[in-house]
Amino acid sequence: MDPGSRNPEYEPGYLLGPRTADILRLNDGETIQVTNWWKPGGSETYIATFSILQQDGVRHDLIAKSCIKMCPKETMHEWLDRRSILTENGVLFPELYAVDGATLVEEYIPFSFKDAYNVADVSVKKELHYKYIDMYKKICGSGFKPASMHDVRSRGNDVVMIDVGEDLGGRLHIDQTNMSVIIKAERNFKESTGS
(Lines give C-alpha, C1' and ligand atoms only; values in the text may rest on other atoms or scores of the structure.)
Protein backbone atom coordinates (compact mmCIF):
# COMPACT_ATOMS: atom_id res chain seq x y z
CA MET A 1 0.00 0.00 0.00
CA ASP A 2 1.21 3.46 -0.88
CA PRO A 3 1.86 5.46 2.32
CA GLY A 4 0.67 8.55 0.45
CA SER A 5 -2.83 7.15 -0.06
CA ARG A 6 -5.81 8.27 2.04
CA ASN A 7 -5.95 5.01 4.00
CA PRO A 8 -6.27 6.15 7.66
CA GLU A 9 -3.59 3.66 8.71
CA TYR A 10 -1.05 5.83 6.85
CA GLU A 11 -2.20 9.18 8.22
CA PRO A 12 0.36 10.87 10.52
CA GLY A 13 -2.15 10.93 13.39
CA TYR A 14 -2.40 7.15 13.16
CA LEU A 15 1.37 6.53 13.29
CA LEU A 16 1.16 4.66 16.62
CA GLY A 17 -2.39 3.44 16.12
CA PRO A 18 -5.70 5.04 17.14
CA ARG A 19 -4.22 6.30 20.45
CA THR A 20 -1.30 8.18 18.81
CA ALA A 21 -2.25 11.59 20.23
CA ASP A 22 -2.64 10.17 23.75
CA ILE A 23 0.61 8.17 23.61
CA LEU A 24 2.56 11.25 22.50
CA ARG A 25 0.62 13.57 24.85
CA LEU A 26 -0.03 16.00 22.01
CA ASN A 27 -1.33 19.44 22.95
CA ASP A 28 -3.86 21.42 20.92
CA GLY A 29 -2.24 22.75 17.79
CA GLU A 30 0.62 20.25 17.76
CA THR A 31 0.88 18.17 14.59
CA ILE A 32 2.84 15.14 13.45
CA GLN A 33 4.97 15.17 10.32
CA VAL A 34 6.17 11.70 9.29
CA THR A 35 9.69 11.55 7.83
CA ASN A 36 9.84 7.78 7.22
CA TRP A 37 6.89 5.43 7.65
CA TRP A 38 7.40 2.08 9.40
CA LYS A 39 10.21 -0.04 7.97
CA PRO A 40 12.56 -2.75 9.30
CA GLY A 41 15.15 -1.29 11.65
CA GLY A 42 17.13 -4.51 11.95
CA SER A 43 16.25 -8.04 12.94
CA GLU A 44 14.49 -7.02 16.16
CA THR A 45 12.56 -3.83 15.35
CA TYR A 46 10.46 -1.81 12.97
CA ILE A 47 11.13 1.94 13.10
CA ALA A 48 9.44 5.14 11.99
CA THR A 49 10.88 8.65 12.15
CA PHE A 50 8.72 11.73 12.59
CA SER A 51 8.52 15.19 14.10
CA ILE A 52 6.10 16.88 16.45
CA LEU A 53 5.55 20.45 15.29
CA GLN A 54 4.34 23.03 17.79
CA GLN A 55 2.33 26.10 16.81
CA ASP A 56 5.29 28.36 17.69
CA GLY A 57 7.49 26.54 15.14
CA VAL A 58 9.44 24.41 17.63
CA ARG A 59 10.18 20.97 16.19
CA HIS A 60 10.96 17.75 18.07
CA ASP A 61 12.51 15.01 15.91
CA LEU A 62 11.58 11.56 17.21
CA ILE A 63 11.89 7.90 16.34
CA ALA A 64 9.45 5.11 17.22
CA LYS A 65 10.83 1.60 17.66
CA SER A 66 8.51 -1.37 17.80
CA CYS A 67 9.85 -4.73 18.94
CA ILE A 68 9.05 -7.63 16.59
CA LYS A 69 10.72 -10.45 18.53
CA MET A 70 8.75 -13.28 20.14
CA CYS A 71 7.13 -11.98 23.35
CA PRO A 72 7.58 -8.35 22.28
CA LYS A 73 6.24 -6.69 25.46
CA GLU A 74 8.53 -8.80 27.65
CA THR A 75 11.47 -8.02 25.35
CA MET A 76 10.69 -4.29 25.55
CA HIS A 77 10.63 -4.56 29.35
CA GLU A 78 14.07 -6.24 29.23
CA TRP A 79 15.40 -3.51 26.91
CA LEU A 80 14.17 -0.80 29.26
CA ASP A 81 15.84 -2.60 32.20
CA ARG A 82 19.12 -2.75 30.27
CA ARG A 83 18.80 0.91 29.36
CA SER A 84 18.20 1.79 33.03
CA ILE A 85 21.27 -0.17 34.20
CA LEU A 86 23.47 1.49 31.58
CA THR A 87 22.06 4.96 32.30
CA GLU A 88 22.85 4.48 36.00
CA ASN A 89 26.42 3.68 34.96
CA GLY A 90 26.79 6.86 32.90
CA VAL A 91 25.97 5.68 29.37
CA LEU A 92 24.20 8.39 27.36
CA PHE A 93 20.85 7.56 25.70
CA PRO A 94 18.32 9.61 23.72
CA GLU A 95 15.56 11.25 25.73
CA LEU A 96 12.70 8.77 26.17
CA TYR A 97 9.31 10.29 25.26
CA ALA A 98 6.87 7.40 25.56
CA VAL A 99 6.53 3.65 25.96
CA ASP A 100 3.39 1.84 24.88
CA GLY A 101 3.44 -1.94 25.04
CA ALA A 102 6.17 -3.12 22.67
CA THR A 103 6.82 0.34 21.20
CA LEU A 104 9.00 3.14 22.50
CA VAL A 105 9.36 6.71 21.25
CA GLU A 106 12.57 8.61 21.83
CA GLU A 107 14.56 11.59 20.63
CA TYR A 108 15.98 11.06 17.14
CA ILE A 109 19.78 11.39 17.21
CA PRO A 110 20.74 12.91 13.83
CA PHE A 111 24.16 11.47 12.98
CA SER A 112 25.72 8.05 12.82
CA PHE A 113 28.81 8.06 15.01
CA LYS A 114 31.01 7.47 11.95
CA ASP A 115 29.55 10.49 10.12
CA ALA A 116 29.92 12.75 13.17
CA TYR A 117 33.50 11.61 13.67
CA ASN A 118 34.48 11.99 10.02
CA VAL A 119 33.28 15.61 9.74
CA ALA A 120 34.61 16.72 13.14
CA ASP A 121 37.68 18.92 13.52
CA VAL A 122 40.76 17.54 15.28
CA SER A 123 39.77 18.65 18.79
CA VAL A 124 36.22 17.26 18.49
CA LYS A 125 37.62 14.00 17.06
CA LYS A 126 39.79 13.66 20.19
CA GLU A 127 36.76 14.32 22.38
CA LEU A 128 34.61 11.81 20.46
CA HIS A 129 37.37 9.20 20.66
CA TYR A 130 37.64 9.65 24.43
CA LYS A 131 33.86 9.52 24.89
CA TYR A 132 33.52 6.41 22.73
CA ILE A 133 36.17 4.51 24.73
CA ASP A 134 34.66 5.76 28.00
CA MET A 135 31.19 4.58 26.95
CA TYR A 136 32.53 1.18 25.89
CA LYS A 137 34.22 0.77 29.29
CA LYS A 138 31.00 1.76 31.09
CA ILE A 139 29.02 -0.79 29.08
CA CYS A 140 31.51 -3.55 29.91
CA GLY A 141 31.70 -2.33 33.51
CA SER A 142 27.92 -2.73 33.71
CA GLY A 143 28.34 -6.44 32.92
CA PHE A 144 27.65 -6.46 29.18
CA LYS A 145 29.92 -7.81 26.48
CA PRO A 146 28.98 -6.01 23.25
CA ALA A 147 29.26 -8.02 20.04
CA SER A 148 28.84 -4.84 17.99
CA MET A 149 28.47 -1.11 18.54
CA HIS A 150 27.46 -0.20 14.98
CA ASP A 151 24.29 1.53 16.18
CA VAL A 152 26.01 4.24 18.23
CA ARG A 153 24.95 7.74 17.14
CA SER A 154 25.89 11.34 17.89
CA ARG A 155 24.53 14.88 18.03
CA GLY A 156 27.95 15.99 16.76
CA ASN A 157 29.96 16.20 19.97
CA ASP A 158 28.72 13.24 22.03
CA VAL A 159 28.32 9.46 21.85
CA VAL A 160 24.78 8.14 22.27
CA MET A 161 23.79 4.49 22.69
CA ILE A 162 20.57 3.72 20.83
CA ASP A 163 20.34 -0.08 20.88
CA VAL A 164 20.23 -2.44 23.86
CA GLY A 165 19.19 -5.58 21.99
CA GLU A 166 21.17 -8.68 21.05
CA ASP A 167 24.28 -6.79 19.90
CA LEU A 168 24.80 -5.70 23.51
CA GLY A 169 25.17 -9.33 24.61
CA GLY A 170 24.01 -10.93 27.83
CA ARG A 171 24.70 -9.43 31.23
CA LEU A 172 27.37 -10.99 33.43
CA HIS A 173 28.20 -10.56 37.09
CA ILE A 174 31.39 -8.47 37.33
CA ASP A 175 33.84 -9.11 40.18
CA GLN A 176 36.80 -7.13 38.89
CA THR A 177 37.81 -4.81 36.10
CA ASN A 178 39.23 -6.48 33.01
CA MET A 179 41.84 -4.17 31.50
CA SER A 180 41.59 -5.94 28.12
CA VAL A 181 38.35 -3.97 27.72
CA ILE A 182 40.39 -0.90 26.73
CA ILE A 183 42.08 -2.84 23.93
CA LYS A 184 38.71 -4.15 22.72
CA ALA A 185 37.25 -0.64 22.94
CA GLU A 186 40.05 0.80 20.79
CA ARG A 187 39.60 -1.99 18.21
CA ASN A 188 35.84 -1.41 18.15
CA PHE A 189 36.35 2.35 17.81
CA LYS A 190 38.55 1.83 14.74
CA GLU A 191 35.91 -0.45 13.20
CA SER A 192 33.16 2.08 13.93
CA THR A 193 34.99 5.03 12.43
CA GLY A 194 36.80 3.26 9.61
CA SER A 195 40.11 4.71 10.83
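All of these numbers come straight from a predicted model, not from anything done at the bench.

Caption draft 1: Inspection of the pairing of strand β3 (residues 59-67) at higher detail. Relative to β3, strand β2 (residues 45-53) is paired through 9 bridges, and the arrangement is antiparallel. When the sheet's bridge partners are listed, Thr49 is paired in β3 with Ile63. Turn length for the β2-β3 hairpin, with the two strands adjacent in sequence and antiparallel, is 5 residues, and the turn residue Gly57 shows positive phi of about 95°. When β3 meets strand β5 (residues 103-107), the two strands line up antiparallel, connected through 5 bridges. What sits directly across from Ile63, in β5, is Glu106.

Caption draft 2: Summary view of the sheet that holds β5. A sheet is described by the order of its strands in space; here 5 strands give the open sequence β1-β2-β3-β5-β4, paired in antiparallel fashion. Edge strands, defined here as strands with exactly one partner in the open sheet, are β1 (31-40) and β4 (96-100). Averaged over all adjacent pairs, the angle separating strand axes in this sheet is 15°, with direction ignored. Bridge count between β1 and β2: 7 bridges; the pairing is antiparallel. By the bridge assignment for β2, Asn36 is matched with Thr49. Across the sheet, helix α2 (residues 72-88) lies against β2, β3, β4 and β5, angled at about 125° from β3, the strand it touches most.

Caption draft 3: Geometry of the nonpolar core. Grouped together as the largest cluster of nonpolar side chains are 27 residues, with contacts concentrated most on Leu86, Phe113, Met135, Ile139 and Met161. Secondary-structure elements contributing two or more residues to this core are α2, α3 (113-119), α4 (122-141) and α5 (180-193). It is α4 that contributes the most residues to this core, 7 residues altogether. Beyond its immediate chain neighbours, meaning those up to four positions away, Ile139 contacts Leu86, Val91, Phe144, Pro146, Met149, Met161 and Leu168. Formed by 13 residues, the second largest nonpolar core is a distinct cluster that contains Leu15, Leu16, Ala48 and Ala98.

About the criteria used
- Residues numbered from 1 in each chain as written.
- Predicted model: local features only at pLDDT ≥ 70, side-chain atom pairs only at ≥ 80, totals over all residues.
- Heavy atoms only, no water.
- Pairing = 2+ DSSP bridges.
- Helix = DSSP H or I, 4+ residues; strand = E, 2+ residues; numbered from the N terminus.
- Axes fitted to C-alpha atoms, helices over the stretch in contact; angles between N-to-C directions.
- Contact = heavy atoms within 4.5 Å.
- Core = buried A, V, L, I, M, F, W, Y, C linked by side-chain atoms within 4.5 Å.
- Buried < 20%, exposed > 50% of the residue type's maximum accessible area, 1.4 Å probe, protein only.

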